[in-house]
2 protein chains.
Amino acid sequence: MLSEGIHFTSNCPPEDIGWKLAAVNLSDLAAMGARPLAALFGAGIGEGRDAGWATALARGLAACLDAHGCPLVGGDTIRQHGPTTLALTALGHLPPGSALGRCGASAGDDLWVSGTIGDAGLGLEVAQGRRPFDRRLLARYRRPVPRLALGGQLRGVATAAVDVSDGLLLDASRLAEASGLVAAIVEADIPLSEAARASGVAARDLATLGDDYELLFAAPASRRDEVLALGNVSRIGALHPWGDVSGPRTRVLLRDRDGRPIVIADLGHRHL
Amino acid sequence: MLSEGIHFTSNCPPEDIGWKLAAVNLSDLAAMGARPLAALFGAGIGEGRDAGWATALARGLAACLDAHGCPLVGGDTIRQHGPTTLALTALGHLPPGSALGRCGASAGDDLWVSGTIGDAGLGLEVAQGRRPFDRRLLARYRRPVPRLALGGQLRGVATAAVDVSDGLLLDASRLAEASGLVAAIVEADIPLSEAARASGVAARDLATLGDDYELLFAAPASRRDEVLALGNVSRIGALHPWGDVSGPRTRVLLRDRDGRPIVIADLGHRHL
């Protein structure tokens, strides 16, 4: 669900809202290794929104669903008081028993992430006028691309996976906790785009921003070459047993190249 | 989707809202002749609603889904500004090609309806304090029962079906229009409960009230005995060719016992 004033601002272009609604749901399917089967769309159109706005929203939704081969098969549209609420249900398909989940990683597994981290968070700052205009960063925020092909390839290879929606560190801590482990991440290995490097924001801070919609996953060290061959993935750390790590009791540890811990004040991401 | 202030009042008991959200979606499956497979629940919890309210809502939802063998398999819960928005996606199963729809009825088919008509509309008036308290009428409004068993039995027998959500006459006109026909209904054959008869409201007016969630369906006259054997169904009229009926061009005609037309000012039902 996406709600106006919570997950998107009132002045966000409706095409982009529609795209993002589809993309974030398809990203959940990608993290499970599923192929999109169908989607159902619930639109609670709020006050001050006209047919033109709703049509543009539907156009953006259709563009993203079409781009990923996902037919829209049902839903409902209502008028409501207050702001707009959007609900998408995405159905996926995968072989029985093959779904990837947050739990399932083992101690010693490598920790990987696709693409680059922090661009969407910087794009939000562009949208808010808090950072100079940058088309690419803004697109990463408003038009995320679900990693469906990669997700499908990870079935049978990865032991656990999540999509990075609330920040790399927070989502890594969730994967680690669900698997009963601790994630240890090397700051210098977090993949950054040129634009992110040029932003002057440290990787440790970019890793707390949300909306990346990259895949974060664990895989046995023995399968490192297979994972690398998938392309556009970076090994950022490893998973360790819970209780085997010195220091504060946390599910995610960020370290510098020499293994020294980096203190993280706040793992998390708050919407808008 | 159900929205606070549109589909339910702010003071409606949350258990009843949850029940009704599930029931109205399962009713759509019933009208297609489908068996419930799974449901996904999106809750946009609005301002002024606490965890106790949301828990009671979930309890009512679970009660209805459990009563009809429909597991809840996913969804999302968010906080939002303004009033509450609820979105349920119900998935059903039926043999390929066997789904009942609005179109498909033939001229000469009988028109049938299950249960009794108008009780829920009177129940709404009870809820609004515009009618003396009546537990049974209120329950018909707040706790509708989806006609899933009947819907399944109608596959292969009915030629078209809808659930009566916006009033018998309006939904009959929709079925007739989708089938390219005219529905002719005999007022005296509209099934009424004891309470509805005692209300003093005419059948023609009860047939314009919403929220019945009974099944309205067409079936060939040759299968009349089969339909009657299903029980709790009433034959209320027949379908005629479009253009074959004298009088104003409308998709639904209400008549008295002697075939004289009854003028209907407004077919429709507006929520709340």
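To be clear, the structure that these remarks concern was listed above.
Residues numbered from 1 in each chain as written. Chains lettered and ligands numbered in written order. Predicted model: local features only at pLDDT ≥ 70, side-chain atom pairs only at ≥ 80, totals over all residues. Heavy atoms only, no water.

Caption draft 1: Representation of the pattern of salt bridges. All names here are of chain A. Under the definition given, this model contains 32 salt bridges over all chains. Here R143 ties to D16 by a salt bridge, and the two come within 2.7 Å at their closest N and O atoms. You can see R143 sitting in the loop between α4 (135-142) and α5 (148-154) and its partner D16 sitting in helix α1 (residues 14-32), a full 127 residues away along the chain. Assessed through its relative accessible area of 30%, R143 is described here as partly exposed. Owing to a relative accessible area of 13%, D16 belongs among the buried residues under this scheme. Ionic pairing is found between R140 and E214, a salt bridge with its closest N-O pair at 2.9 Å. Placement of R140 in helix α4 and of E214 in the loop between α8 (203-206) and β8 (215-219) is noted, with a sequence separation of 74 residues between them. Like E214, R140 is buried. A network of salt bridges, in which partner residues are shared, links D119, R140, R147 and E214. (Salt bridge = Lys/Arg side-chain N within 4 Å of Asp/Glu carboxyl O. Helix = DSSP H or I, 4+ residues; strand = E, 2+ residues; numbered from the N terminus. Buried < 20%, exposed > 50% of the residue type's maximum accessible area, 1.4 Å probe, protein only.)

Caption draft 2: Here's a closer look at unusual backbone geometry. All names here are of chain B. Positive phi values are uncommon outside glycine, yet Y213 reaches one of about 55°. On the secondary structure map, Y213 appears in the loop between α8 (203-206) and β8 (215-219). Positive phi, normally seen in glycine, also occurs at N232, with a value near 55°. Take N232: it is sitting in the loop between α9 (224-229) and β9 (233-241).

Caption draft 3: Focus on the packing of α1 of chain A against helix α2 (residues 51-67) of chain A. Residue and element names in this part refer to chain A. Interaxial distance between α1 and α2 falls to 6 Å at its minimum, and their mutual angle equals 35°. Note that α1 runs across α2; the crossing there is right-handed. Taking contact as the criterion, the partners of P14, E15, I17, G18, W19, L21, A22, A23 and L26 in α1 are, on α2, W53, A56, L57, R59, G60, L61, A63, C64, L65 and A67. Of the residues assigned to the contact of α1 with α2, the class counts are 15 nonpolar, two polar and two charged. (Axes fitted to C-alpha atoms, helices over the stretch in contact; angles between N-to-C directions. Left-handed = near helix turned anticlockwise from the far one by under 90°. Contact = heavy atoms within 4.5 Å. Nonpolar A, V, L, I, M, F, W, Y, C, P; charged D, E, K, R; others polar.)

Caption draft 4: Quick peek at the interface of chain A and chain B. Taken together, the contact pairs 21 residues of chain A with 21 residues of chain B. Carbon and sulfur atoms make up 71% of the area that chain A and chain B hide from each other, which totals about 1500 Å². On the chain A side of the interface with chain B, the three residues burying the most area are M1, I78 and H81 of chain A, jointly 37% of the side's total. Taken together, the links from chain A to chain B amount to eight residue pairs in polar contact (both at pLDDT 80 or more). Those elements that provide at least two residues to the side of chain A that touches chain B are β2 (35-45), β3 (72-79) and β4 (85-93) of chain A. Class assignment of the residues belonging to the side of chain A that touches chain B gives a composition of eight nonpolar, 10 polar and three charged. (Buried area = accessible area lost by both parts, 1.4 Å probe. Polar contact = N/O pair within 3.5 Å; in protein donor to acceptor, adjacent residues only side chain to side chain.)

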